[in-house]
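Reading the structure
Each chain is listed here by its residues.
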Amino acid sequence: MSNYVERFSTRERVLHWFVTAAFITLVLSGLGLYSRLFTGYFDFFGGGANAILFHKIAGVLFFASSLLLFFSHGKEVTTFDEDDREWLAGRGGYLSRDEAHFNCGKFNPGQKMFGIFIGVATLALGLTGIFIWAPLAFPRWLVQLSLLVHGLTFVLAVMFTVIHVYLATIGNPGTLEGMLYGYVRRIWARKHHPKWYREVE
Amino acid sequence: MADARKGFLIDTARCIGCRSCQVACKQWNKLAADPTKNQGTFENPRDLTPNLFNRIRFVEQADDAGGVKWLFMNERCMHCGDAGCMKVCPSPGALYRTKEGIVAYNRDKCISCKYCVSACPFNVPRYGADDRVSKCNLCADRVAGGMAPACAKACPTQTIQFGNRSELIARARAAKKTLFGENDLMGLGVVYALEGKPEAYGLPEKPAIPMSIFLWKDVIKPLGILGFWGSIGAMLFHYVTVGPKKLEEENETKGGTTHE
């Protein structure tokens, strides 16, 4: 028997890294727009006007791919069961060194909430992005509000992504390979997602 | 800035609505004519355009005798002391302040984001066919050369008075005029002597940078940078205090390590 079980299919992995690439392009091209402190980031794209162009293209790609990613797991990440409530009550065991055991399915409640957040953030950023794209075609108050919501959602998305990257790499050794090669070690699956492991064992 | 600051005092009581200012501005700044049509008012054009940096707003009011009276107001960029456009502009040098306190701009550096349109307390900046910002630059080139802006030069009634801002204000106060824009937004570069409430002229009672723009640039921006580093710090703190969820290697043998 192999030491590994499949966690994410090739399609899921490619889609995930496509979203990631679009997200990074959006952050780099948008930083100069966020504040003049980050004007230097415009240089990656050959000036501010080009950065805006990249931001628009990457924005469309991110919007489409991120929503696709969300809806391909929409039911899983929006359904919480009794085991999930236990995980939430115990904060997933992340606040203590004591060994904690939770009966998680393929996604634990933290991952589910991150998935829901990114789905909602994608909608908010995409919708406000349309108004910011063509500000003269919309009422001024709507564009002003959009600039505020776009900035706020961006900040939250980056902060949640920092947590996401931490938990998927050094915070939980063995997790990243599921998104790289698609396979995780059985011991990892049994420890982190026992309910899911029993299904795929 | 205070002493060197130049500005206008616009004494609306003197204005006869001749629109010499509009024409002189177009001539000096080489602005093309905008085709307009008769809309039942002498006000023309009806709004600022990329080719119209200032204009006379015609306000029709009922007078006491049941007739109509006009209020005239020269409308343009106010050259705010605290300028919303400059607060949001992401392209350094596209909008800048001259040593006379003028909010001037360099079209070559404009990146067409149009944030200034949203941030202006007076809805002044316009974008034309070249998709670059366009507004009154207070004839910064003339002012730098010691001349009055074209509109002030052309005004036949001294409605548009140009000079040291503090002197103009002192003179108007001595004449007991009701001033608009003396202190709002750290003082407007265009101060009005009005004959009525600002609202009667279509001016905001209390001009301010829009609340959503203030929240975006002065609250979310700094807090966001703090939040980013805070989240990185929190993760590092978690790593060295609680630590990662390590896999117990010895359990692996029980799970069957041999390859089939």
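All residue numbers refer to positions counted from 1 along the written sequence of the respective chain. Here chains are named by letter from A upward and ligands by number from 1 upward, in the order in which they appear as written. Under the rules for a predicted model, residues below a pLDDT of 70 receive no local features and side-chain atom pairs below 80 are neither given nor counted, while totals for whole chains, interfaces and linings still include all residues.

As for the overall build of chain B
Think of it this way: any DSSP run of H or I at least four residues long counts as a helix, any run of E at least two long counts as a strand, and we number them from the N terminus. Per the secondary structure count, chain B includes eight helices and ten strands. In this treatment the radius of gyration is a C-alpha quantity, and the globule benchmark scales as 2.2 Å times the residue count to the 0.38 power. Here the C-alpha radius of gyration of chain B, 27 Å, is well above what a compact globule of 260 residues would show, namely 18 Å. Counting only C-alpha atoms and orienting by the principal axes, one finds that chain B spans roughly 100 × 45 × 40 Å. Here a residue counts as buried when 20 or more other C-beta atoms fall within 10 Å of its C-beta, as exposed when 12 or fewer do, and as partly exposed in between; the C-beta atoms come from the backbone. The burial tally for chain B puts 38% of its 260 residues in the buried class. Any residue pair is listed as a contact if its two C-beta atoms, each placed from the backbone, are within 7 Å. Considering only residue pairs separated by 6 or more positions, chain B has 60% of its internal contacts joining residues 24 or more positions apart.

Details of helix H1 (residues 10-34) of chain A
Turn by turn, an α-helix covers 3.6 residues, leaving residues three or four places apart pointing in a common direction. The first and last C-alpha atoms of H1(A) sit 35 Å apart over 25 residues, in line with the 36 Å expected at 1.5 Å per residue. Within H1(A), the axis deviates most sharply at A:Leu28, by approximately 25°. Every buried residue of H1(A) is accounted for by A:Val19, A:Ala22, A:Phe23, A:Thr25, A:Leu26, A:Ser29, A:Gly30, A:Leu31, A:Gly32, A:Leu33 and A:Tyr34. On the buried face of H1(A), the contacting elements are helix H2 (48-72) and helix H6 (140-168) of chain A together with helix H7 (211-241) of chain B. Helix span, expected: 1.5 Å multiplied by one less than the number of residues in the helix. What is called the bend at a residue is the angle between a pair of axes, fitted to the seven residues leading up to and ending at it and to the seven starting from it.

Details of the interface of chain A and chain B
How big an interface is tends to be expressed through the accessible area that disappears when the partners come together. Each partner contributes residues to the interface: chain A has 41 residues there, and chain B has 38 residues. Put simply, the parts of the chain that give the side of chain A that touches chain B at least two residues each are H1, H2, H6 and helix H8 (186-192) of chain A. The residue makeup of the side of chain A that touches chain B, split by class, is 24 nonpolar, twelve polar and five charged. Residue polarity follows a fixed list, in which Ala, Val, Leu, Ile, Met, Phe, Trp, Tyr, Cys and Pro are nonpolar, Asp, Glu, Lys and Arg are charged, and the others, Gly among them, are polar.

Structural notes on the pairing of strand E2 (residues 55-62) of chain B
Residues and elements named next belong to chain B. Criterion used throughout: strands pair if DSSP finds at least two bridges between them. Here E2 pairs with strand E3 (residues 68-75) via eight bridges, running antiparallel. By the bridge assignment for E3, Arg-57 is matched with Met-73. A loop of five residues connects E2 with E3, the two strands running antiparallel in sequence, and Gly-66 in this loop sits at a positive phi of about 85°.

Focus: the domain arrangement of chain B
Looking at the assigned domains, one finds that chain B contains domain 1 (6-207) and domain 2 (213-244). Here domain 1 of chain B and domain 2 of chain B have C-alpha centroids that lie 42 Å from each other. These domain boundaries are the output of an automatic or database domain assignment.

What to know about helix H5 (residues 109-133) of chain A
Residue and element names in this part refer to chain A. Compared with the 36 Å implied by 1.5 Å per residue over 25 residues, the 35 Å span of H5 between its first and last C-alpha is a close match. Residues Pro-109, Gln-111, Lys-112, Ile-118, Thr-122, Leu-125, Thr-128, Gly-129, Phe-131 and Ile-132 constitute the buried set of H5. Buried residues belonging to H5 abut H2, helix H3 (74-78), helix H4 (82-89) and H6.

What about the nonpolar core?
Each nonpolar core reported here comprises buried Ala, Val, Leu, Ile, Met, Phe, Trp, Tyr and Cys residues connected via C-beta atoms within 7 Å. Ranked by size, the top nonpolar core spans 75 residues in total, and within it B:Cys85, B:Cys116 and B:Val191 carry the most contacts. Summarising the domain contributions, this core has at least three residues from each of domain 1 (6-207) and domain 2 (213-244) of chain B. In this view, B:Cys85 contacts B:Leu95, B:Val103, B:Cys116, B:Ala119, B:Cys120 and B:Pro125; residues no more than four positions away in its chain are not counted. Core analysis: the next-biggest nonpolar cluster, separate from the first, contains ten residues, A:Cys104, A:Val184, A:Trp196 and A:Tyr197 among them.

Some thoughts on the packing of H1(A) against H2(A)
All names here are of chain A. Think of each axis as a best-fit line through the C-alpha atoms, taken over the contacting stretch in the case of a helix, with angles from 0 to 180 degrees between the N-to-C directions. Where H1 contacts H2, the axes come no closer than 8 Å and their chain directions differ by 150°. Considering the angle they form, H1 stands roughly antiparallel to H2. Relative to H2, H1 is oriented so that their crossing is left-handed. Facing H1, whose interface residues are Leu-15, His-16, Phe-18, Val-19, Ala-22, Phe-23, Thr-25, Leu-26, Ser-29, Gly-30 and Gly-32, H2 presents Gly-48, Ala-51, Phe-54, His-55, Ala-58, Gly-59, Leu-61, Phe-62, Ser-65, Ser-66, Leu-68 and Leu-69. Classifying every residue of the contact of H1 with H2 by side-chain character gives 13 nonpolar, ten polar and no charged. An angle counts as roughly parallel when it lies under 35 degrees, as roughly antiparallel when it exceeds 145, as roughly perpendicular when it falls between 65 and 115, and as oblique in every other case. By definition, turning the near helix anticlockwise from the far helix through less than a right angle yields a left-handed crossing, and turning it clockwise yields a right-handed one.

Quick word on the packing of H5(A) against H6(A)
Residues and elements named next belong to chain A. The geometry of H5 relative to H6 is characterised by a closest axis approach of 9 Å and an angle of 150° between their N-to-C directions. Between H5 and H6, the angle is such that the two are roughly antiparallel. The two elements H5 and H6 meet at a crossing, and its hand is left-handed. Residues Phe-114, Phe-117, Ala-121, Ala-124, Leu-125, Thr-128, Gly-129, Phe-131 and Ile-132 of H5 lie in contact with H6, whose contacting residues are Leu-142, Val-143, Ser-146, Leu-147, Val-149, His-150, Thr-153, Phe-154, Leu-156, Ala-157, Phe-160 and His-164.

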